[in-house]
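Residue-level structural notes
Residues per chain, in single letters:
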Amino acid sequence: MKIAIVCYPTFGGSGVVATELGLELARLGHEVHFITYSQPVRLALLNPNVHYHEVNVPEYPLFHYQPYELALSSKLVDMVKLYKIDVLHVHYAIPHAYAGYMAKQMLKNEGIEIPMITTLHGTDITLVGNHPHYKPAVSFSINKSDVVTSVSQSLKDDTYKLFNIKRDIHVIPNFIELEKNNIEYNVPCQRTLIAKPEERIITHISNFRKVKRIPDIIRIFDKIQQNIPAKLLMVGDGPEKEKAEILCQELGILDKVIFFGNSNEIDKLLSNSDLFLLPSETESFGLAALEAMAWGVPVISSNSGGLPEVNFEGVSGYLSKVGNIDEMAQNALKILKDDALLAQFKENALSVAKKFDIKHILPLYIDIYDKAIKKY
Ligand code: GMT
């Protein structure tokens with residue numbers, strides 16, 4: 001198959017999922033074309049089946065806002081014609097499904113019909129897409145997609161609740177490529193670079209937006225470190241990062257918290273971690289938690305959105321009500337204080353992550369592509 005993938009090229013989960021999906025399809029021999037405004041962060045181009053086409057938005061002084069959708073839909077039309085693409089897979093509804101629909105219409109005008117799959121990732125529905133200024137366009141483009149998928153049952157339910165959607169939504173959970181998690185990174189010297197031998201390593205990875213409840217993470221860690229020796233690794237960048245550093249300073253724990261910024265070495269950090277914190281306000285899935293679990297790292301999270309579909313209560317970690325930092329800290333300490341229990345939770349976290357191995361999930365997407373192409 002020749003598949004065009006439209007996604008955000010940044011560190012965000014939707015871009016990561018789209019990139020890993022495309023790379024795996026390419027490994028299986030499909031021809032994959034990534035179409036976005038810069039090279040996706042996890043995209044390795046040294047693969048004969050992987051192509052990357054940059055969307056350029058020419059600047060013009062008249063435009064207060066540069067028309068990205070226009071440039072994207074034009075690029076899609078050109079690439080579909082040039083490479084004879086069979087199927088369009090857009091990740092994140094805004095504005096990708098909208099631009100994809102426009103591209104389909106332009107192609108139809110030239111006698112070319114192509115199916116469009118839209119994958120909903122979370123904030124495109126629960127935060128941004130739901131804004132009254134976007135809602136009609138988001139509803140329209142979801143309804144006009146040939147197939148719609150969502151990354152969790154919770155996101156599917158939210159989509160029906162928040163929008164007037166008249167079509168089926170297929171739940172295809174996010175995935176992890178477990179094969180790449182090998183012993184290579186897990187060398188003891190790496191751990192000693194980060195923490196003292198007696199310290200437990202606790203990690204958080206995100207885009208540091210409000211929805212991640214960054215102050216909760218700091219306060220949970222503060223309670224943990226009052227009881228046991230511990231380090232907190234804060235990985236990622238975003239609007240809440242500076243405030244988080246200030247809070248650490250106020251609490252007098254800055255020497256125990258390392259802020260890494262965006263990192264391409266999260267595997268190294270996770271392979272040395274003992275616990276992952278994700279107390280988000282909402283999370284359609286929580287890919288970062290799954291990535292942690294794939295390294296055998298238990299998760300303390302909130303119980304909102306799709307998190308209970310990924311982090312299994314009392315098995316791979318614990319879940320609490322949003323904002324219940326006392327309970328989250330208690331649960332963290334319960335796991336971290338007891339070597340045997342920690343070992344058990346680590347084993348469980350990996351077992352749960354195995355359910356989301358790419359080898360189980362990829363066939364679901366391939367099946368959807370096949371059926372959509374055959375319909376046309
Ligand atoms: O977490 C974010 O804010 C980034 C966002 C994105 O669009 O990349 O993540 C969303 O998609 C991920 C991949 O499907 C999910 O794992 C995240 O849970 C989801 N984020 C939210 O729902 C807040």
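Residues numbered from 1 in each chain as written. Predicted model: local features only at pLDDT ≥ 70, side-chain atom pairs only at ≥ 80, totals over all residues.

Where an unreviewed UniProt entry is consulted, the chain appears under the name N-acetyl-alpha-D-glucosaminyl L-malate synthase BshA, with the organism given as Flavobacterium plantiphilum.

1. Quick notes on the environment of N56
What counts, and what does not: Here a strand is any run of E in DSSP of at least two residues, a helix any run of H or I of at least four, and the numbering for each starts at the N terminus.
In this fold, N56 is placed in the loop between β3 (50-54) and α2 (68-83). The spacing of N56 and Y68 is 12 residues in sequence and 8.2 Å in space, taken between C-alpha atoms.

2. A look at the domain arrangement of the chain
Note the threshold: Domain start and stop points were drawn from an automatic or database domain assignment. It is the C-beta atoms, placed from the backbone, that decide contacts: two residues are in contact if theirs lie within 7 Å.
Each assigned domain of the chain is listed here: domain 1 (2-175 + 357-375) and domain 2 (178-354). Taking only C-alpha atoms into account, the centre of domain 1 sits 30 Å from that of domain 2. Residue-level contacts link 17 residues of domain 1 with 14 residues of domain 2. Contributing elements (two or more residues each) for the side of domain 1 that touches domain 2: α1 (13-27) and α6 (153-162).

3. As for α1
For an α-helix, 3.6 residues make a turn, and residues three or four places apart therefore share a direction. Applied cut-off: Expected helix span is computed as 1.5 Å times (number of residues minus one). Burial in this document is a count-based property: other C-beta atoms within 10 Å of a residue's C-beta are tallied, and the residue is buried at 20 or more, exposed at 12 or fewer, or partly exposed in between, with C-beta positions derived from the backbone.
Between its first and last C-alpha atoms α1 spans 21 Å; for 15 residues at 1.5 Å apiece the expected length is 21 Å, and the two agree. Summarising burial for α1: 13 of the 15 residues are buried, a large majority. Positive backbone phi, approximately 105°, marks G29, located one or two places after α1.

4. Overview of the site of the ligand
Selection criterion: In this analysis a residue is considered near a molecule or strand if the C-beta atom, reconstructed from its backbone, is found within 6 Å of that molecule or strand. Following the grouping adopted for this structure description, the nonpolar residues are Ala, Val, Leu, Ile, Met, Phe, Trp, Tyr, Cys and Pro, the charged ones are Asp, Glu, Lys and Arg, and the polar ones are all others, Gly among them.
The environment of the ligand is made up of 20 residues, and the closest members are G12, G13, S14, G122 and L287. Counting only elements with at least two residues in the shell around the ligand, the list comes to α1 and α4 (123-126). The leading source of residues in the shell around the ligand is α1, at 3 residues. Of the residues assigned to the shell around the ligand, the class counts are 6 nonpolar, 12 polar and 2 charged. Looking at the shell around the ligand, you find at least three residues from each of domain 1 (2-175 + 357-375) and domain 2 (178-354).

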